[in-house]
Amino acid sequence: MQFSEKRNVTRWIIIVISFIIISLILWNTYTFFQIFKNEEHLKMQIWATSLKTINKADLLNDDIELPRQIVDKNTTIPIVLTDQNGNIMGMRNIDETIANDSIKAKAFFKNFKNENDPIILEYLPGDVRYIYYGNSSLLNNLKYYPIALFLILVMFGLLIFNFYRASRMATQNKLWAGMAKETAHQIGTPLSSLLGWIEIMKADDVDETTVTEVEKDIVRLQTIADRFSKIGSEPVLEEKDIIAETEQSYDYLKSRFSNQINFSFKAPNHPIMTSINPILHSWTIENLVKNAIDAMKGRGNLSIVIEEDSRFVKIKVTDSGKGIPKKQFKQIFEPGFTTKKRGWGLGLSLTKRIVEEYHDGRIKVYSSDIGKGTCMLVSFRKL
């Protein structure tokens, strides 16, 4: 217990440290962004001053080489120059298809002018120009860097979480498999004793019907023990007539439940061969029938219908119970999901695993109406 608690504390320490590192990286990136943004603003002020110097200079007598170089060297920061009335007078470092089309230019400028506060350039008293500038491609890339980094970290976190959950589920599966095998082993001892008592009952001329029914229950217990012993192991599949195997499970269950349930079984008159494990298939039918009876609260109509097409054989288990809401069609197969007060939510999840993982079949809610009943569909590939 202490070891488990120490492991949990260690995990939380790692999570907290990771969060602090991520926060520092994001904050550092934001700081860099602000520094670069301020530097670009300073560059634009120098650029505006150089432009003003060029426009006011005497081209014959003044040396304007440095201001001209400053103006010409700006090839990354997009600029829009307007008059005091907002009319566009020129564009720089902006796509030519926009700059050469007045309609596109106006639409572009409508959003562009909100990126940064304009620099006011006064050539003469009353003659004012406004220099609007946007972020350079470097600054735009840096702006999205924290988002990209955050998404990468989220994906990495999800990957770790999925790995941790898969590892935990694998450990739990091994635990349950071990418990199931031990349960099967423990059941074996009293079963051997019961077989001995059966022989004594036969020797004492106990009513044959009673002995036969007890034998059926003992065989059933042996089957259950065999099921548990197979959990966690790869089952052996056999070529079997699925109609005969399903009907055998149906007949046993029918004889063990109340007469208030109207059972019916319908299937083709010829064998349909499939590759199944008989013990696990009987478990599938038993789980579906028991769930149907629980949904009807022990009273109603229950039918098993077997159909086939060119490739598949389909088993439909239909009840007249309370029905399943459509939003729960997939949830009912999840481990732990149950609508019963005392249920574990393992029956249908185990059934799905038997059908889909062991038999390469499919199981789903075929149809369901609230207050009218549900039809479960299991399908297998024919041989």
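Note: the structure precedes this text.
My aim in this report is to walk through the structure given alongside it, one point at a time.

What counts and what doesn't
Residues numbered from 1 in each chain as written. Predicted model: local features only at pLDDT ≥ 70, side-chain atom pairs only at ≥ 80, totals over all residues. Heavy atoms only, no water. Patch = residues over 30% accessible without salt bridge, like charges linked within 9 Å, V, L, I, M, F, W, Y side chains within 5 Å. Areas by Shrake-Rupley, 256 points an atom, 1.4 Å probe, with all protein chains shown as cover. Salt bridge = Lys/Arg side-chain N within 4 Å of Asp/Glu carboxyl O. Helix = DSSP H or I, 4+ residues; strand = E, 2+ residues; numbered from the N terminus. Buried < 20%, exposed > 50% of the residue type's maximum accessible area, 1.4 Å probe, protein only. 1 Å grid on protein atoms, 1.4 Å probe; cavity = no way out; pocket = protein on both sides within 12 Å on 5 of 7 lines; lining within 4 Å. Points joined across faces, edges and corners; volume = space filled by probe spheres on them. Nonpolar A, V, L, I, M, F, W, Y, C, P; charged D, E, K, R; others polar. Core = buried A, V, L, I, M, F, W, Y, C linked by side-chain atoms within 4.5 Å. Contact = heavy atoms within 4.5 Å. Phe/Tyr/Trp six-rings, centres within 6.5 Å; stacked < 30°, edge-to-face > 60°. Arc of directions from axis to C-beta. Polar contact = N/O pair within 3.5 Å; in protein donor to acceptor, adjacent residues only side chain to side chain.

**Side note on a nonpolar patch on the surface**
Right, on to step 1. Where nonpolar side chains cluster on the molecular surface, the patch consists of Tyr144, Ile147, Phe150, Leu151, Val154 and Leu158 and spans about 590 Å² of accessible area.
Right, on to step 2. Residue position: Leu151 is located in helix 5 (residues 137-203).
Right, on to step 3. By relative accessible area, which is 48% here, Leu151 ends up partly exposed.

**Section: the pattern of salt bridges**
Right, on to step 1. Per the counting criterion, the structure on display carries 8 salt bridges.
Right, on to step 2. Here Lys290 and Glu286 are joined by a salt bridge, their closest N and O atoms 2.8 Å apart. Within this pair, Lys290 and its partner Glu286 are both found in helix 8 (residues 278-295), separated by 4 residues, close to a single helical turn.
Right, on to step 3. In this structure, Lys314 engages Asp309 in a salt bridge whose closest nitrogen and oxygen atoms are separated by 3.6 Å.
Right, on to step 4. With a relative accessible area of 30%, Asp309 lands in the partly exposed category.

**Points about the layout of surface pockets**
Right, on to step 1. The volume enclosed by the second largest pocket comes to roughly 580 Å³.
Right, on to step 2. Around the second largest pocket, the lining is made up of 16 residues, and of these Ile14, Ile15, Ser18, Gly157 and Ile160 lie nearest the centre.
Right, on to step 3. Mapped by element, the contributors of at least two residues to the lining of the second largest pocket are helix 1 (2-56) and helix 5.
Right, on to step 4. It is helix 5 that contributes the most residues to the lining of the second largest pocket, 9 residues altogether.
Right, on to step 5. Here the lining of the second largest pocket is built from residues that sort into 12 nonpolar, 3 polar and 1 charged.

**Thoughts on the environment of Tyr145**
Right, on to step 1. Counting through the fold element by element, Tyr145 comes out in helix 5.
Right, on to step 2. Residues Tyr145 and Phe33, spaced 112 residues apart in sequence, show a C-alpha to C-alpha distance of 9.8 Å.

**A short note on the nonpolar core**
The nonpolar side chains of a soluble globular protein tend to be buried, and buried together.
Right, on to step 1. Membership of the largest hydrophobic core comes to 31 residues, with the highest contact counts inside it found for Val289, Leu302, Ile304 and Ile315.
Right, on to step 2. Excluding its chain neighbours within four sequence positions, the residues that come into contact with Leu302 are Ile261, Asn262, Phe263, Ser264, Val289, Ala292, Ile293, Met296 and Thr318.
Right, on to step 3. Counting residues in each nonpolar core, the second largest holds 14 residues, with Met44, Ile64, Ile79 and Ile119 among its members.

**Considering the packing of aromatic side chains**
Right, on to step 1. Enumeration over the complete set of coordinates arrives at 5 aromatic pairs.
Right, on to step 2. Between Phe109 and Tyr132, the aromatic rings sit 5.1 Å apart at their centres with planes inclined by 80°, giving edge-to-face as the arrangement. Placement of the pair is Phe109 in helix 4 (residues 102-112) and Tyr132 in strand 4 (residues 127-133), with a sequence separation of 23 residues.
Right, on to step 3. The exposure class of Phe109 is buried, given its relative accessible area of 8%.
Right, on to step 4. Accessibility expressed as a relative area gives 16% for Tyr132, which makes it buried.
Right, on to step 5. Between Tyr250 and Phe263, the aromatic rings sit 6.0 Å apart at their centres with planes inclined by 75°, giving edge-to-face as the arrangement. With Tyr250 in helix 7 (residues 242-256) and Phe263 in strand 6 (residues 261-266), the pair connects residues that are 13 residues apart, well separated along the chain.

**A short note on helix 4**
Right, on to step 1. Of all the positions in helix 4, only Ala105, Phe109 and Phe112 are classed as buried. In a view along the axis of helix 4, the buried residues occupy a sector of 65°, so they form one face of it. Set apart from the buried face of helix 4 by more than 90 degrees, the exposed residues are Ile103, Lys106, Lys110 and Asn111.
Right, on to step 2. Among the structural elements, strand 1 (79-83), strand 2 (88-92), helix 3 (96-99) and strand 4 are those in contact with the buried residues of helix 4.
Right, on to step 3. Sitting at the amino-terminal end of helix 4 is Asp101, which places a side-chain oxygen 3.0 Å from the backbone nitrogen of Ile103.

Without other data, these values stay purely geometric and don't point to any function.
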